[in-house]
There are 2 protein chains.
Amino acid sequence: MLSHKTKYALKALLFLAEKDTGYIARTMEIADGASIPKKFLEQILLDLKRAHFVGSKQGKFGGYYLIKSKNDITLADIHRLFDGAIALLPCASLNFYEPCSDCVSETECALRHGLVAIREETLKAMQGITIASLIKK
Amino acid sequence: MLSHKTKYALKALLFLAEKDTGYIARTMEIADGASIPKKFLEQILLDLKRAHFVGSKQGKFGGYYLIKSKNDITLADIHRLFDGAIALLPCASLNFYEPCSDCVSETECALRHGLVAIREETLKAMQGITIASLIKK
DNA sequence: ATTAATTCTATAAAAATAGTAGAATTTAAA
DNA sequence: TTTAAATTCTACTATTTTTATAGAATTAAT
């Protein structure tokens, strides 16, 4: 399941993607438009900025705007940024790999092989969902 | 990500599935064999019993055994039992559907359509992973 | 200067997760 | 009939994660 943070991030990105290029949206505007608690959204937008999905303009008349193409922002990207691994266990993850503490032999682990297969399929599907593709429907 | 509970359940089922039919495994035996905290495993086995994946024999020389074919126990089943919905949001779930509290119009929600597509793909993949298929590799 | 915005750090409340404790019950066998 | 060894059941607890909120500092336009 997605955390609220990931859901809110996606909603905020969808909001920004529907504005004209050059338009700068205040946090308050996004919060109202996408039904997100404003103070929570502040943190999320900062994270999206640090990860270079959005840019910001400070001071009066400042706000946020997309800097990455809506075709290049995928569900997988946002999931990884806020919720971490796509895989069902860290030992089956590409970007968040960690061995299991209770694992005797990873190469012989019956579970891991199946979870790697799942991760490959889920990742492909999640990389196919972009902010642009979500808007189109 | 899978909770420890789901991971332990899968490991316990794999342990049971590799025993001969008729064999009854004590909780302690499964805990040791699959590196699972014994008291935690007790709860998990009870849940698996209530969901009719395993049977139990009480009293001395009692224990647990599979009652469902290892070909008919899928990753999707165990995920749903312990971790709930396969879908990324409740509004995109088949078995755990709930509307979003912050949703204005579900049919117009850009996010939901994408998440339903992801759920369909993930579910198909997870239904393809069975206890039997995990053992084979 | 004033206003209105982002930015930053810290804190807090609530929920979920992971695990433990201990008594009650059941069954087999001595 | 007693004992031993197992499941079953209820409750509790500690930790971590999630979901925010508070408030001061900084930035920039007017």
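Residues numbered from 1 in each chain as written. Chains lettered and ligands numbered in written order. Predicted model: local features only at pLDDT ≥ 70, side-chain atom pairs only at ≥ 80, totals over all residues. Heavy atoms only, no water.

## Points about the relation of the copies chain B and chain A
So, step 1. Expressed as a screw transformation, the operator carrying chain B onto chain A has a rotation angle of 180 degrees and an axial translation of 0.0 Å, and the superposed copies differ by an RMSD of 0.0 Å. Taken together, the rotation angle and the small translation identify this as a two-fold axis. Proximity to the rotation axis, assessed at the C-alpha, singles out B:Thr122 in chain B; its C-alpha lies 3.0 Å from the axis. (Least-squares fit on C-alpha atoms with pLDDT ≥ 70 in both.)

## What about the side chain of A:Glu29?
So, step 1. Along the chain, A:Glu29 turns up in helix H2 (residues 27-34).
So, step 2. The contact partners of A:Glu29, leaving out residues within four places of it in the chain, are A:Phe15, A:Lys19, A:Tyr23 and A:Ile24. (Helix = DSSP H or I, 4+ residues; strand = E, 2+ residues; numbered from the N terminus. Contact = heavy atoms within 4.5 Å.)

## A short note on the protein's contact with DNA strand C
So, step 1. As a matter of local geometry, DNA strand C sits amid 28 residues, with A:Thr27, A:Ser56, A:Tyr64, B:Lys39 and B:Gln58 nearest to it.
So, step 2. Atoms of DNA strand C within 4 Å of the protein: sugar and phosphate make up 72%, bases the balance.
So, step 3. Between DNA strand C and B:Lys39, the relevant distance is 2.5 Å, taken from a base oxygen to a side-chain nitrogen or oxygen of the residue.
So, step 4. Looking at the surface near DNA strand C, the elements that each hand over two or more residues are helix H3 (38-50), strand E1 (54-57) and strand E2 (63-66) of chain A together with helix H1 (4-17) and helix H3 (38-50) of chain B.
So, step 5. Here the surface near DNA strand C gets 5 residues from one element, more than from any other, and that element is H3(A).
So, step 6. Looking at the surface near DNA strand C residue by residue, the class counts come to 6 nonpolar, 12 polar and 10 charged. (Near = heavy atom within 4 Å. Polar contact = N/O pair within 3.5 Å; in protein donor to acceptor, adjacent residues only side chain to side chain. Nonpolar A, V, L, I, M, F, W, Y, C, P; charged D, E, K, R; others polar.)

## Here's the deal with the interface of chain B and chain A
So, step 1. At the interface, 27 residues of chain B touch 27 residues of chain A.
So, step 2. Regarding the contact of chain B and chain A, the summed buried area is about 2,700 Å², with carbon and sulfur atoms giving 73% of it.
So, step 3. The shortest N-O distance in the salt bridge between A:Asp102 and B:Lys7 comes to 2.9 Å.
So, step 4. Taken together, the links from chain B to chain A amount to 6 residue pairs in polar contact (both at pLDDT 80 or more). (Buried area = accessible area lost by both parts, 1.4 Å probe. Salt bridge = Lys/Arg side-chain N within 4 Å of Asp/Glu carboxyl O.)

## What about the protein's contact with DNA strand D?
So, step 1. Around DNA strand D there are 28 residues in total, and A:Lys39, A:Gln58, B:Thr27, B:Ser56 and B:Tyr64 lie nearest to it.
So, step 2. Sugar and phosphate atoms form 70% of the subset of DNA strand D atoms that lie within 4 Å of the protein.
So, step 3. Between DNA strand D and A:Tyr8 there is a distance of 3.1 Å, counted from a phosphate oxygen to a side-chain nitrogen or oxygen.
So, step 4. Between DNA strand D and A:Gly59 there is a distance of 3.5 Å, counted from a base oxygen to a backbone nitrogen or oxygen.
So, step 5. The set of elements that each furnish at least two residues to the surface near DNA strand D consists of helix H1 (4-17) and H3 of chain A together with H3, strand E1 (54-57) and strand E2 (63-66) of chain B.
So, step 6. Element by element, the count of residues in the surface near DNA strand D is highest for H3(B), at 5 residues.
So, step 7. For the surface near DNA strand D, the per-class residue count stands at 6 nonpolar, 12 polar and 10 charged.

## Quick notes on the environment of A:Arg26
Residues and elements named next belong to chain A.
So, step 1. Relative to the elements of secondary structure, Arg 26 occurs in the loop between H1 and H2.
So, step 2. You can call Arg 26 partly exposed: its relative accessible area is 48%.
So, step 3. Residues Arg 26 and Lys 57 lie 31 residues apart in sequence; the distance between their C-alpha atoms is 9.5 Å.
So, step 4. Beyond its immediate sequence surroundings of up to four residues, Arg 26 is in contact with Gly 62 and Gly 63. (Buried < 20%, exposed > 50% of the residue type's maximum accessible area, 1.4 Å probe, protein only.)

## Side note on the packing of aromatic side chains
Residues and elements named next belong to chain A.
So, step 1. Inspection of every chain in the model, using the stated rule, returns 2 aromatic pairs over all chains.
So, step 2. Seen in terms of ring centroids, Tyr 8 and Phe 40 are 5.7 Å apart; in terms of plane orientation they differ by 90 degrees. Their pairing is edge-to-face. Highlighted residues: Tyr 8 in helix H1 and Phe 40 in helix H3, separated in sequence by 32 residues. (Phe/Tyr/Trp six-rings, centres within 6.5 Å; stacked < 30°, edge-to-face > 60°.)

## Looking at the pairing of E1(B)
Residue and element names in this part refer to chain B.
So, step 1. Where E1 and E2 come together, 4 bridges link them in antiparallel fashion. Each residue of the ladder has a partner; that of Lys 57, found in E2, is Gly 63.
So, step 2. Linkage of E1 to E2, two consecutive antiparallel strands, is achieved through a turn of 5 residues, within which Gly 59 is found at a positive phi near 75 degrees. (Pairing = 2+ DSSP bridges.)

## Focus on the domain arrangement of chain A
So, step 1. Parsing chain A into structural domains produces domain 1 (4-66) and domain 2 (84-136).
So, step 2. Just the C-alpha atoms count here: the centres of domain 1 of chain A and domain 2 of chain A sit 28 Å apart. (Domains from an automatic or database assignment.)

## Describing unusual backbone geometry
Glycine aside, residues mostly have negative phi angles, and peptide bonds mostly take the trans form.
Residues and elements named next belong to chain A.
So, step 1. Backbone geometry places Ser 35, a non-glycine residue, at a positive phi of 55 degrees.
So, step 2. One can find Ser 35 in the loop between H2 and H3.
So, step 3. Classification of Ser 35 by relative accessible area gives partly exposed; the value is 34%.

## Here we look at empty space enclosed by the protein
All names here are of chain B.
So, step 1. One pass over the structure, following the stated rule, counts 1 cavity of 30 Å³ or more.
So, step 2. Along the walls of the largest cavity sit Arg 80, Ala 85, Ile 86, Ala 87, Ser 93, Leu 94, Asn 95, Phe 96 and Arg 119, which together make up its complete lining.
So, step 3. Here the residues of the lining of the largest cavity sort into 5 nonpolar, 2 polar and 2 charged. (1 Å grid on protein atoms, 1.4 Å probe; cavity = no way out; pocket = protein on both sides within 12 Å on 5 of 7 lines; lining within 4 Å. Points joined across faces, edges and corners; volume = space filled by probe spheres on them.)

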